[in-house]
Each structure stands twice: as C-alpha cells, then as structure tokens.
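Coordinate inspection notes
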Amino acid sequence: MQDTEHQLTDTVIQTIRDAASKLTGPKRRQFEAQVALDYLRGSARKAQSVFGWSSKTVALGLNELRTGVTCIDNFSLRGRHKCEDAQPKLLEDILALVEPHSQADPKFQSRFQYTRLTAKALRQALMDEKGWSDEQLPHENTLGVILNRHGYRLRRVQKKKPIKRIPETDAIFKTVHEANDTSDQRPDSLRISIDTKAKVDIGPFSRRGCSRGAQAVEAADHDFKPTGKLVPFGILDVMAGWLTILFGTSRETSDFIVDCLQDWWQDNRARYAHINQLVINLDNGPELQSRRTQFMARMVAFAEQTGLEIVLVYYPPYHSKYNPIERCWGMLERHWNGALLDSVTSAVAWARTMTWKSVEPAIHLVDRVYEKGVSLTKQAFKTIEQRLQRHEHLPKYHVVIQPAPA
C-alpha cells in the first residue's frame, strides 16, 4: 500500500477537518475512519495526532466500516436521571399537594392549600404532611424545576370568572340601550355618564408607573399615612366627548355628587341652552342608588332648579364597567401613574394635562366638608317618592323626575 501520509499538506488537513465538523453521529465517525484508511493506514492514533480527532471515535468508526453494523447514540441515558424518575413516590406526593382538584376537595385539610405555591413551601409541606425527611428530599431549586417541568409555572391571576348576574340583568340592559338610543336621537336631550373613582392618596407615594428622565423619580420607601385624600367625580358628555372631573377634599356622599352636578350645570348651561331632558347613566353605588333618600331628594331639587326632565338610567349590578365614564378613569390612571401626587395642587395640575379624545378635560376642586349618613325619614320621603316615575318592571333601575309645572 502506498504511504499517502506525506500527501497531507496543511491545507488538505484543514479542509478535511472542516468537512468532518459539518457531520454528526455515525456519519462523522465513518468519515473519520475512511480518512484514516485512505491516508493513515487505518491508524486511529495517527488520526488523533494529525487531525485532532478522538482515537476512540475513529476506532469505533473503523469497526462500523468493518462489520457493517452502525452504533446508535443514546444521549438520553447520559447524565443524571430526573429526580421524579428515581423517586416515583415523590412525584405522586407533589401532585397530591399541588393539584387544584385536591385543594378544592372539602376532605383535603392541608395547610398547604392556603400557602402560596413556592418550592420552599412545597418542600416544607412534603416533610410536614407526607413524611419525607430533609435528607430524602432534593434541594428546593430542584423542586422548582420539577414544578416547572409539570406545568406549575408562575402565572398571573386572570380575571376570567363570569360576572355575577341577577335575574333582571338582561332586562335592565335592554332598558338601558333603549333609553340611551332614544336620548341620542332626540335633539333636545343630553346624555351624560357620571361616577366616582377610588380615592386618591396624596403623598410621595409610588403609583407603579414609569416616567422618562435621566434619573428615576424617587418615592417614599413605605406608603405611610397620606397627607390627604381626593375624591374624583367625573361627568362625561357621551356624544360630544367632553369630560369634567371635580375633585372633592371631603367624603363621597349624595350631597357631594349632586353639588358637583349643580356646579357642572352652572358652568355649561349656556352650551346646553337648548336641552330639556338630561339622561344620566350611572351605576348602583350606595350614594346614588334610587332608594337613597337624600340622593333622590337632591335630584328632585336639581330638576326644580334647572327645569330639566331628569332620567336616571342605572346599569345592572356587577356591570358598572359598561358605564362610559369608567374608560376615562383608566386614561387618568395611565396619565399620572409615573408622577408623585404629593399635594392636592400637583394632583389637580396633572389631571389638567391629560386628554380625553384629544381634548383636555375641565378640572375643578370642590373644597367643601360633607357629612356621611344624611337621610330622610320615611314620612318625609313619601313626598319625594310621589315625584318619581319609576319603571313598571324595573323600578330601581329606571327613574324619571319631571320638573314642577311653571
């Protein structure tokens, strides 16, 4: 056999190495073995010194060429086995603790069902409730890998449960749509949406937002007692998109709500000089429901003062998110959540710079003190009730108040 080892120049060696690197498994072994046969008299050791290949791999390839039998790689058997494969009882106990149906079973009295699912808590539960010892259990990091592997990953709490309903929900929605459509088509009718937002704490507190700047806005390390609170009350002209927000410094009461309506009407009566009917979309909050004596008394007085026919159109219970004003609150929260509302002045100033449908809202501060618990006696409310025209089938959810004849 002619010695071909001297024919291997550096260029040829590099070319053969590159060709081998592009192959994997049996194909690579057999290629390396064939090169050893062609150039190195079938020497696996020379193949290692010349090409840098493993002599064991070349020897295996030579044996495959000689016998015609190809060895199949089984990489899955390498390394350490999964902990749950080595200890099947461990996986059984883990699933018994974390399965949702087990936790929902009334007979399941595990403390773990009231604990947030973490690897550390799971390890403790396995020792307390399943009898495992500390030495038998893997590290909590390994338990975390097992949980992830079987689908118990960190997941956000999702709002997917169906909204609560009452028997009249569909009928109420039908009445709401009819009243709104009638108002929108009537030229002398105005439809507004009203609601209050959750109280705003005044202080150097983080609102979990972002603010662009060279340095981050610094908030207080802990949210201690606020220096004050604001009660936002919104009035939205649904068709025109004009938004008004009034910030109260006291309490959310029926008197506060109607005072805000009166202030808003005084500021806009010239704009709405042609209006004879005011349709108000609202939810069933405790301060403005149609059984609230003080609220209804004040609304009758409001109808008398303005000469308007007032139509109160309530959304069904648990469905207040359909009230159009609710969308404005989300816009306001996104607008100022990267700011420090450390004073009433700054909060009001930030609200003035937001936009709703490309228009800045009208912002007012209502700095009056309101007392809670103001109500009428049953005898006094009888007179007010006579002024209310309630819906025949939905008396709590559709109320018309006519002004007294001139």
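As a starting point, this report considers the structure included with it. Just so you know, these numbers come straight off a predicted model, no measurement behind them.

1. Focus on the environment of threonine 253
Within the element layout of this structure, threonine 253 appears in the loop between strand E4 (242-248) and helix H11 (254-268). Judged by its relative accessible area of 4%, threonine 253 is buried. As for threonine 253 and alanine 171, which are separated by 82 residues in sequence, their C-alpha atoms are 29 Å apart. Ignoring sequence-local partners within four residues, the contact set of threonine 253 consists of Glu287, Tyr370, Glu371 and Lys372.

2. Here's the deal with the side chain of glutamate 309
Residue position: glutamate 309 is located in strand E6 (residues 309-314). No salt bridge is formed by the buried glutamate 309; its nearest oppositely charged neighbour, arginine 186, is found at 4.3 Å. Separated by 3.4 Å, the side chains of glutamate 309 and glutamine 402 make a polar contact. The residues contacting glutamate 309, other than those within four sequence positions of it, are Arg186, Asn276, Gln277, Leu278, Val400, Ile401, Gln402 and Pro403.

3. What to know about the packing of aromatic side chains
Given two aromatic rings, their pairing is described by the distance between the two centres and the angle made by the two planes. Summed over all chains, the structure comprises ten aromatic pairs. An angle of 40° between the planes, with centres 5.9 Å apart, marks the rings of tryptophan 264 and tyrosine 272 as tilted. Exposure remark for tryptophan 264: the relative accessible area of 4% places this residue in the buried category. For tyrosine 272, a relative accessible area of 5% gives the class buried. Note on tryptophan 265 and tyrosine 272: the rings are 6.4 Å apart at their centroids and 15° apart in plane angle, and the pair reads as stacked. Per residue, the accessibility class of tryptophan 265 equals that of tyrosine 272, and both read buried. Grouped by ring-pair contacts, the aromatic residues Trp242, Trp264, Trp265 and Tyr272 constitute a single cluster. Across from the ring centre of tryptophan 242, 4.0 Å away, lies the NZ or CZ of arginine 271, which sits over that ring.

What counts and how
- Residues numbered from 1 in each chain as written.
- Predicted model: local features only at pLDDT ≥ 70, side-chain atom pairs only at ≥ 80, totals over all residues.
- Heavy atoms only, no water.
- Helix = DSSP H or I, 4+ residues; strand = E, 2+ residues; numbered from the N terminus.
- Buried < 20%, exposed > 50% of the residue type's maximum accessible area, 1.4 Å probe, protein only.
- Contact = heavy atoms within 4.5 Å.
- Lys, Arg positive; Asp, Glu negative; His and termini not counted.
- Salt bridge = Lys/Arg side-chain N within 4 Å of Asp/Glu carboxyl O.
- Polar contact = N/O pair within 3.5 Å; in protein donor to acceptor, adjacent residues only side chain to side chain.
- Phe/Tyr/Trp six-rings, centres within 6.5 Å; stacked < 30°, edge-to-face > 60°.
- Lys NZ or Arg CZ within 6 Å of the ring centre and 35° of its normal.

Read these as spatial facts, not as claims about activity.
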